[in-house]
Amino acid sequence: SNNTITNNVASNNFTGILHSHSHNNTLSDNTVSNNSKGIDLSFSGDNNLTGNIVASNSHEGILLSSSINNVLTDNTISTNANGILIQDIDGESNNNEIYNNNFIGNATQAEFLLQGVSGNVFNLATPTGGNYWSDFDTLAEGCTNANSDNFCDAPYIFSGGQDDFPWPKQYLPARPAT
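Residues numbered from 1 in each chain as written. Predicted model: local features only at pLDDT ≥ 70, side-chain atom pairs only at ≥ 80, totals over all residues. Heavy atoms only, no water.

Undergrad: Is there a simple way to explain the overall build of the chain in this structure?
TA: Looking only at helices and strands, one finds zero helices and 18 strands in the chain. Taken over C-alpha atoms, the radius of gyration comes to 15 Å for the chain, in line with the 16 Å a tight globule of 178 residues would show. Each principal axis of the C-alpha atoms in the chain carries an extent, and together these give about 45 × 40 × 25 Å. When each of the 178 residues of the chain is scored for burial, the buried share is 49%. (Helix = DSSP H or I, 4+ residues; strand = E, 2+ residues; numbered from the N terminus. Rg over C-alpha atoms; globule rule 2.2 N^0.38 Å. Buried < 20%, exposed > 50% of the residue type's maximum accessible area, 1.4 Å probe, protein only.)

In structure tokens form, the structure reads like this:
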């Protein structure tokens, strides 16, 4: 607990980054790819994941298993078997905030496994909004933006949840100039 993990590359492992029973950590600007699982937060809470690239993992890109009060923002989650999986083993996968991320080309973008989870949100109110979903960014896929407010007019619905303010274009975080 109470660690900062930043600017690492974790590739070709069973799990790229594993946090079990850990709290108050910051994971930022890491590249996690070509693992079985990308980032696994199990029985953990109050962690911040921001600016990470999680790609080409054969199972989950990000797994939240019995984890609470985590905030995931500004991440790019792409070409994983499952972009994000939230599963509940003991009634504790609750109150996670997942917004302003890019979900690109995952076989399954997002999924809840076991229905005991509650209070998880995939968007904040405008102007913050939700996430970009590559399978929901065109009119044919259901995204229209008739009122030009920078959000799709319909929610993005997935197994067990929804994003009420999906982005029609990839989210580009405001990064300070270096």
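Undergrad: Can you walk me through the sheet that holds strand E8 (residues 53–55) in this structure?
TA: Strands pair in a sheet through their backbones, by hydrogen bonds, and they do so in one of two ways: parallel or antiparallel. Strand order in the open sheet formed by six strands is E2-E5-E8-E11-E14-E16, and the pairing between neighbours is parallel. Either end of the sheet is taken by a strand with one partner, and the two such strands are strand E2 (9–11) and strand E16 (132–133). Bridging between strand E5 (residues 31–33) and E8 involves three bridges; their strand directions are parallel. Among the inter-strand pairings, Thr 31 is bridged to a residue of E8, identified as Ile 53. (Pairing = 2+ DSSP bridges.)

Undergrad: I tried to follow the sheet that holds strand E1 (residues 4–6) on my own but got confused; where do I start?
TA: Spatially, the five strands line up as an open sheet ordered E1-E4-E7-E10-E13, and their pairing is parallel. Of all strands in the sheet, those with a lone pairing partner are E1 and strand E13 (97–98), marking the two edges. Pairing analysis gives two bridges linking strand E10 (residues 71–73) to E13, with the strands arranged parallel. What sits directly across from Leu 72, in E13, is Ile 98.

Undergrad: Looking at this model, I keep getting lost on the nonpolar core. Mind explaining?
TA: Taken as a class, soluble globular proteins show a tendency for nonpolar side chains to be buried jointly. Residues Ile 39, Ile 62, Leu 64, Ile 84, Ile 98, Phe 122 and Trp 133 are the most contacted members of the largest nonpolar core, which totals 25 residues. Listing elements by their share of this core, those giving two or more residues are strand E6 (37–42), strand E9 (60–65), strand E12 (82–87), strand E15 (108–113) and strand E17 (156–158). Look past the residues within four positions of Leu 64 in its chain and what remains in contact with it is Leu 41, Asn 70, Leu 72, Ile 84, Leu 85, Ile 86, Gln 87, Ser 93, Asn 96 and Ile 98. (Core = buried A, V, L, I, M, F, W, Y, C linked by side-chain atoms within 4.5 Å. Contact = heavy atoms within 4.5 Å.)

Undergrad: Is there a simple way to think about unusual backbone geometry in this case?
TA: Glycine aside, residues mostly have negative phi angles, and peptide bonds mostly take the trans form. Residue Pro 127 is bonded to the preceding Thr 126 through a cis peptide linkage, with omega at 15°. On the secondary structure map, Pro 127 appears in the loop between E15 and E16. Of note, the phi angle at Phe 43 is positive, near 55°, even though the residue is not glycine. Topologically, Phe 43 is positioned in the loop between E6 and strand E7 (48–50). In this structure Phe 43 comes out as partly exposed when scored by relative accessible area, which is 29%. Despite not being glycine, Ser 66 shows a phi value in the positive range, around 50°. Positionally, Ser 66 belongs in the loop between E9 and E10.

Undergrad: Explain the pattern of salt bridges here, please?
TA: Should their charged atoms come close, side chains of opposite charge can pair. On inspection of all chains with the given rule, the structure shows one salt bridge. The residue Lys 37 makes a salt bridge to Asp 40 at a minimum N-O spacing of 3.2 Å. Across the pair, Asp 40 and Lys 37 agree in class, each one buried. (Salt bridge = Lys/Arg side-chain N within 4 Å of Asp/Glu carboxyl O.)

Undergrad: What exactly am I supposed to notice about the state of the cysteines here?
TA: Here, the word disulfide means a covalent bond between the sulfur atoms of two cysteines. Evaluation of the coordinates by the stated rule reveals one disulfide. Through a disulfide, Cys 143 is tied to Cys 152; the S-S separation comes to 2.1 Å. What sets the handedness of the Cys 143 and Cys 152 disulfide is the S-S torsion sign, and at about -90° it is left-handed. With relative accessibility at 6%, the residue Cys 143 sits in the buried group. Of the residues examined, Cys 152 reaches a relative accessible area of 4% and is grouped as buried. (Disulfide = S-S within 2.5 Å.)

Undergrad: What am I meant to see in the pairing of E6 here?
TA: On a regular strand, each side chain points to the face opposite its neighbour's, so the side chains alternate between the two faces of the sheet. Of all six residues that make up E6, six are buried, and the element is covered over most of its length. Looking at chain direction, strand E3 (residues 15–20) and E6 are connected through five bridges and run parallel. Its bridge partner being in E6, Thr 15 is matched across the sheet by Lys 37. Relative to E9, E6 runs parallel, the two sharing four bridges.

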